[in-house]
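Residues per chain, in single letters:
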Amino acid sequence: MENPQDIFSSNGGCLIDIVIEKYLVESKESVSHVQLACSMQDCAFPLDGTELCIWNTEDPSHQLLILRGHHQPITAMAFGNKVNPLLICSASLDYVIMWNLEECREKVLQGLVPRGTVMGSLLGKVLCLQLSPDDHVVAVCAGNKIFMLDIETQAVQAKLHGHLGPVTAVEFCPWRAGILISVSEDRGFKVWDHCTGSLIYSSSVLSAYPLLSLFIDAESRQLVTGCADGQLWIFSLMDGHHYRRVARVDLRKKTETFSTRRVKSGLCSQPEESHLPSTSALGKGEQVEVTFPVLRLAPCDLSLIPNSACGCLSSENTQCVWIGSSVGLFVFNLANLEVEAALYYKDFQSLSILLAGSCALRNRTADRKALCLLASLFGGKIAVLEINPAALVRAQQCHSVGQSLSVPASFCVLPTSPLYLGIAKEKSTKAASQQRCAARNVMKDQRLVFHSKVRSSGYASAPHVTMFSPKTNIKSEGKGSLRRRSRCAWEAYPVECAVPTKPGPQVTAAPTCARVCCIQYSGDGQWLACGLANHLSLVFDASLTGTPAVFSGHDGAVNAVCWSQDRRWLLSAAQDGTLRVWSARGAELALLLLLKYHIDTCKDEIKRYKQKSKSKLICRLSMTGAVDMTSLSAVNDFYSHIVLTAGRNRTVEVFDLNAGCSAAVIAEAHSRPVHQICQNKGSSFTTQQPQAYNLFLTTAIGDGMRLWDLRTLRCERHFEGHPTRGYPCGIAFSPCGRFAACGAEDRHAYVYEMGSSTYSHRLAGHTDTVTGVAFNPSAPQLATATLDGKLQLFLAE
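These numbers come from a predicted model, not from an experiment. (Residues numbered from 1 in each chain as written. Predicted model: local features only at pLDDT ≥ 70, side-chain atom pairs only at ≥ 80, totals over all residues. Heavy atoms only, no water.)

So, the overall build of the protein chain
What counts here: Each helix is a run of DSSP H or I of at least 4 residues and each strand a run of E of at least 2, with the numbering of both proceeding from the N terminus. Only protein chains enter the area calculation, which uses a 1.4 Å probe; residues under 20% of their type maximum are buried, those over 50% are exposed, and those in between are partly exposed. Contacts between residues were defined by any pair of non-hydrogen atoms, one from each residue, lying within 4.5 Å. Per-residue and other accessible areas follow the Shrake-Rupley method at a 1.4 Å probe size, with only the shown protein chains counted as cover for residues.
A count of helices and strands for the protein chain gives 7 helices and 54 strands. A burial count over the protein chain gives 52% of its 797 residues as buried. Residue pairs at least 24 apart in sequence account for 51% of intrachain contacts in the protein chain once pairs closer than 6 positions are excluded. Accessible area of the protein chain: about 35,600 Å², with a carbon and sulfur share of 52%.

Description of the sheet that holds strand β10 (residues 126-131)
What counts is decided by this rule: Strand pairing requires that DSSP identify at least two bridges connecting the strands. An axis is simply a line fitted to the C-alpha atoms; with a helix, the fit covers only the stretch in contact. Between two such axes, the angle follows the N-to-C directions and lies from 0 to 180 degrees.
Spatial strand order, β10-β11-β12-β13: 4 strands in an open sheet with antiparallel pairing. Two strands close off the open sheet at either side, each with one partner strand: β10 and β13 (156-161). With strand direction ignored, the average angle separating the axes of adjacent strands in the sheet is 15 degrees. Summarising the sheet, strand β11 (residues 137-142) and strand β12 (residues 145-150) pair through 6 bridges and their orientation is antiparallel. Counterpart to Val137 in the pairing with β12 is Asp150.

Here's the deal with the nonpolar core
The criterion, for reference: Put simply, buried Ala, Val, Leu, Ile, Met, Phe, Trp, Tyr and Cys residues joined by side-chain atoms within 4.5 Å make one nonpolar core.
Core analysis: the largest hydrophobic core is formed by 32 residues, its most contacted members being Phe45, Leu52 and Leu373. Not counting residues up to four positions away in its chain, the partners in contact with Phe45 are Tyr23, Val25, Leu36, Glu51, Leu52, Cys53, Trp55, Met77, Leu373 and Ile382. Within the second largest apolar cluster, 29 residues are counted, among which are Cys320, Phe348, Leu374 and Leu392.

Some remarks on a positive patch on the surface
Going by this rule: Put simply, a patch holds well-exposed residues, over 30% relative accessible area, that have no salt bridge, with like charges counted together within 9 Å and Val, Leu, Ile, Met, Phe, Trp or Tyr side chains within 5 Å. When a carboxyl oxygen of Asp or Glu is within 4 Å of a side-chain nitrogen of Lys or Arg, the pair counts as a salt bridge. Charged residues are defined narrowly, with Lys and Arg counted positive, Asp and Glu counted negative, and His plus the chain ends left uncounted. The atom standing in for a charge is NZ when the residue is Lys, CZ when it is Arg, CG when it is Asp and CD when it is Glu.
On the surface, Arg245, Arg248, Lys253 and Arg725 cluster together into a positively charged patch. Given the relative accessible area of 42%, Arg245 is considered partly exposed.

Considerations on the pairing of strand β14 (residues 167-172)
Of all the 6 residues making up β14, 5 are buried; the element is thus mostly covered by neighbouring parts of the structure. Where β14 folds back on strand β15 (residues 179-184), the antiparallel hairpin that results is connected by 6 residues, among which Gly178 adopts a positive phi of roughly 90 degrees.

Here we look at the sheet that holds strand β49 (residues 739-743)
If you trace the 4 strands from one edge of the open sheet to the other, you get β48-β49-β50-β51, paired in antiparallel fashion. For this open sheet the edge positions go to β48 (731-733) and β51 (759-763), each flanked by a neighbour on one side alone. Ignoring which end each strand starts from, the neighbouring axes of this sheet average 20 degrees apart. As paired strands, β48 and β49 are joined by 3 bridges and run antiparallel to one another. Its bridge partner lying in β49, Phe733 is registered against Ala740.

Side note on the pattern of salt bridges
In the structure shown here, the tally under the stated rule is 17 salt bridges. The partner of Lys254 in a salt bridge is Glu338, and the shortest N-O contact between them spans 3.5 Å. With a gap of 84 residues between them, Lys254 in helix α4 (residues 251-264) and Glu338 in strand β25 (residues 338-344) connect regions that are remote in the sequence. Per residue, the accessibility class of Lys254 equals that of Glu338, and both read buried. Of the charged contacts in the structure, one is a salt bridge between Arg648 and Asp628, with a shortest N-O distance of 4.0 Å. In this pair, Arg648 sits in the loop between β41 (642-647) and β42 (652-656) while Asp628 sits in the loop between β39 (614-616) and β40 (629-634), placing the two residues 20 residues apart along the sequence. The residues Arg648 and Asp628 share a single accessibility class, namely exposed. Each of the salt bridges in this network shares a partner with another, and the network as a whole consists of Glu58, Arg364, Asp367, Lys369 and Glu386.

What to know about α4
Convention followed: By this rule the span expected of a helix is its residue count minus one, scaled by 1.5 Å. We define a polar contact as two N or O atoms separated by no more than 3.5 Å, with the added condition that, inside protein, one atom must be a possible hydrogen donor and the other a possible acceptor, whereas residues neighbouring each other in sequence contribute only through side-chain atom pairs.
Taking 1.5 Å as the rise per residue, α4 with 14 residues should run 20 Å; its terminal C-alpha atoms sit 20 Å apart, in good agreement. Those residues of α4 that sit buried are Leu251, Lys254, Thr255, Phe258, Ser259, Arg261, Arg262 and Val263. The opening residue of α4, the one whose side-chain oxygen lies 3.1 Å from the backbone nitrogen of Arg252, is Asp250.

Quick look at the pairing of strand β8 (residues 95-100)
Strand residues, when the strand is regular, have side chains that alternate between the two faces of the sheet. By the criterion of burial, β8 is predominantly enclosed, with 5 of the 6 residues buried. Looking at chain direction, strand β7 (residues 87-92) and β8 are connected through 5 bridges and run antiparallel. Pairing of Cys89 across the sheet is with Met98, part of β8. Connecting the antiparallel pair β7 and β8 is a turn made up of 2 residues. Of the pairings in the sheet, the one linking β8 to strand β9 (residues 117-121) comprises 4 bridges and is antiparallel in character. Counterpart to Met98 in the pairing with β9 is Thr117.

Looking at the state of the cysteines
This is how the line gets drawn: When two cysteine sulfur atoms are found within 2.5 Å, that pair is recorded as a disulfide.
Counting across every chain of the model gives 0 disulfides. In this structure Cys53 is a free cysteine whose sulfur lies 9.8 Å from that of Cys43, the closest cysteine sulfur available. Since its relative accessible area comes to 1%, Cys53 is described here as buried.

With respect to unusual backbone geometry
A cis amide bond links Asn84 to the next residue, Pro85, at an omega of 0 degrees. Among the secondary structure elements, Pro85 is positioned in the loop between β6 (74-79) and β7. A positive phi is found at Arg187, a non-glycine position, where the angle reads about 70 degrees. For Arg187, the location among the structural elements is in the loop between β15 and β16 (189-193). Arg187 gets classed as partly exposed once you look at its relative accessible area, which sits at 30%.

Thoughts on helix α5 (residues 389-396)
The element α5 is extensively covered by neighbouring structure, given that 7 of its 8 residues are classed as buried. Listed in full, the buried residues belonging to α5 are Pro389, Ala390, Ala391, Leu392, Val393, Ala395 and Gln396. N-capping of α5 is provided by Asn388, with a side-chain oxygen placed 3.2 Å from the backbone N of Ala390.

Details of the environment of Lys790
Mapping Lys790 onto the fold places it in strand β54 (residues 790-795). C-alpha separation for the pair Lys790 and His766, spaced 24 residues apart in sequence, amounts to 8.3 Å. When near neighbours in sequence (up to four residues on either side) are disregarded, Lys790 contacts Gln506, Val507, Thr508, Ala509, Val516, Thr767, Thr784 and Ala785.

Some details on a nonpolar patch on the surface
Taken together, Val413, Leu419 and Tyr420 make up a surface patch of nonpolar side chains, about 230 Å² in accessible area. Along the chain, Leu419 turns up in the loop between α5 and α6 (423-445).

As for the environment of Thr196
Counting through the fold element by element, Thr196 comes out in the loop between β16 and β17 (198-202). With relative accessibility at 58%, the residue Thr196 sits in the exposed group. Here the alpha-carbon distance between Thr196 and Gly178, two residues 18 residues apart in the chain, equals 8.6 Å. Side-chain polar atoms of Thr196 contact the side chain of Ser198, separated by 2.9 Å.

With respect to the packing of aromatic side chains
This is how it is decided: Stacked, edge-to-face and tilted labels apply to pairs of Phe, Tyr and Trp rings (six-membered ring for Trp) whose centres lie within 6.5 Å, assigned for plane angles under 30 degrees, over 60, and everything in between, in that order. Definition used: whenever NZ (Lys) or CZ (Arg) falls within 6 Å of the ring centre and also within 35 degrees of the ring normal, the charge is taken to sit over that ring.
Under the defined criterion, the tally for this structure stands at 13 aromatic pairs. Taken together, a centroid distance of 4.9 Å and an interplanar angle of 25 degrees make the contact between Tyr23 and Trp55 stacked. Placement of the pair is Tyr23 in strand β1 (residues 19-26) and Trp55 in strand β4 (residues 51-56), with a sequence separation of 32 residues. Residue Tyr23 is classed as buried on the basis of its relative accessible area of 19%. By relative accessible area, which is 4% here, Trp55 ends up buried. Ring geometry for Phe330 versus Tyr344: centroids 5.6 Å apart, planes at 85 degrees, classification edge-to-face. In this pair, Phe330 is assigned in strand β24 (residues 328-333) and Tyr344 in strand β25, connecting sequence segments 14 residues apart. With respect to class, Phe330 is no different from Tyr344; both count as buried. Taken together, the ring pairs connect Phe189, Tyr201, Phe235 and Tyr243 into an aromatic cluster. Geometry around Tyr759 places Arg244 over its ring, the cationic atom sitting 3.7 Å from the centre.

Laid out in structure tokens, this is it:
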């Protein structure tokens, strides 16, 4: 079996730096499933059933304080939120007692017996206690009822009842006075106004298993609930969101993914040799570890830890939550919905408890460490652990590659790069091309008959028959409008503009309701190209007015369209395995493209059907493992050597074309293969911070949308509020970089803000699955495409 020391010391961490067992005691009675409590310096637990034991971590003279007053076994306890005076409330079948710890310690020093204040009696079996932020009210959960007790008057302020099962956890809302949220074994949560005793909101049944814990994150304004089967349910508490679900997380699968990434990055041995339950024990029938019951949730703010200690965690991605489970502790990131670190009890030989029945967690701001109070699942052992989160995260993080990756090019093209064509060769090719063009122009400008009104010449009138004309019904005035628009002065994109949510024009792209596979705006925002399942590509005016240009030639569904930077050429790729370059102005085929290409723009009008464009293969790169490629992305709006690819093995691979090789691999990017990569390219009409161009989005069926940073190769945020269970819906970045849009199967398009995991807008008005989305680079407009062949435009209010 692998030595646990090897698991945690790969990146410079060591076992003694991560966790220390500070105190161990054994009670005569089991305290499993009892609500334990931790403050900044104190830990509270029942000893021998009826005694409340307070252990101080700082002052040796205050290390052990035993409070007696209960005649029945203590079932729950909770500390107050104020430091002076520090209160603790304990509950049993007979009494609910409030203790002032400073007064109790003074009584002990005086040789007197400390006494508490009885808040209530014979309320029933209390499973949970919670004091309000101002320590004026305590919520006592007895059975399926919640008693709100006034601490000053010891009176019942309100009695909340509505749950069908025993209430297992409660929390006060930090930013809304009078709001209380509770979860119970009836598998749902409720929101109360405890001042009036009224029910504000009641959720439906969330899981097949009871809810055991909850946590309210004040920064993101999210509610996190934990189930007995290891599921996490996350909801938005923002005004106007109506407690919508943000995500559902399977903790067991997340820990498996976390372990797999560490194995592939070389931070630990192969899973079959590993010590981790997520990779080895789960496959050997150890059912006790499969469920991962979420016993406790507590805040874990990694922003208090120096950046150097957290490896590659960004400063914006440090708001996490501690998850206390029966097999270990986990640091879970609420932004990217990933496990940042895992601490399994059995990986540490110095720990006395390997399976926990209950736990309590608390961060200490003074030394940036965390206290963990554990009670054994079997027996009466109780242990106090001191955890170093910085050492834990540093030992387990997958650091980025040695070279610094950046989407904007920071170096010139190397002579050995596939992008380098040679200066001399380029000059000679250019000179020869110019000579040929000049010769053609001379021959073209000479008339056979020097009279303008001679009809037989054919130069003063339009030809009677059009030979080799492309299939297009574009209007002639459209060309003129394109030229007129290109001469217009460009206006800057309004960075602080609102999200385009106002429904605009809607058109049908094809009369046969052919599926729209992809859409893409031109760089100037004047034209919108789309690829259809009926083998056609169309170019619409950006306002979706007028008759579109039709590009015909593919023998399969057009899966991708792309504009050249000068907007003269349109590239299309289809399921027939071909790439075609089209003249955007004439809607004619210019080249059947391979890789390296030359497009001849000086065609003889008499022999215009003779193609002199050519292409040549200059470089071929394969993904690691030679897997099938499912998506590709490269920036064409500014100089960049980076190409992003996705494979069928659920990886994202970064290629540096300047070096001509693979630069990095992101393992387990999604739970399914990525079907689209979308980079933050900005636009010519707006400017972003240079580091913002290193952000990119990926999406996979059933796994939402993820935001990545190329510099750290880390997922920064996970968006999964939109349903995409069976169809690969498209995604897009806004030109300002503040928003991301995506399609969905519920006939809506969703818009997310980069700083929030839940969607900000849900755009209706579609008649089928939204297959594609695209932001206009020059104006706050959003175009959407649907499965039934329709295009919809949304405008800013």
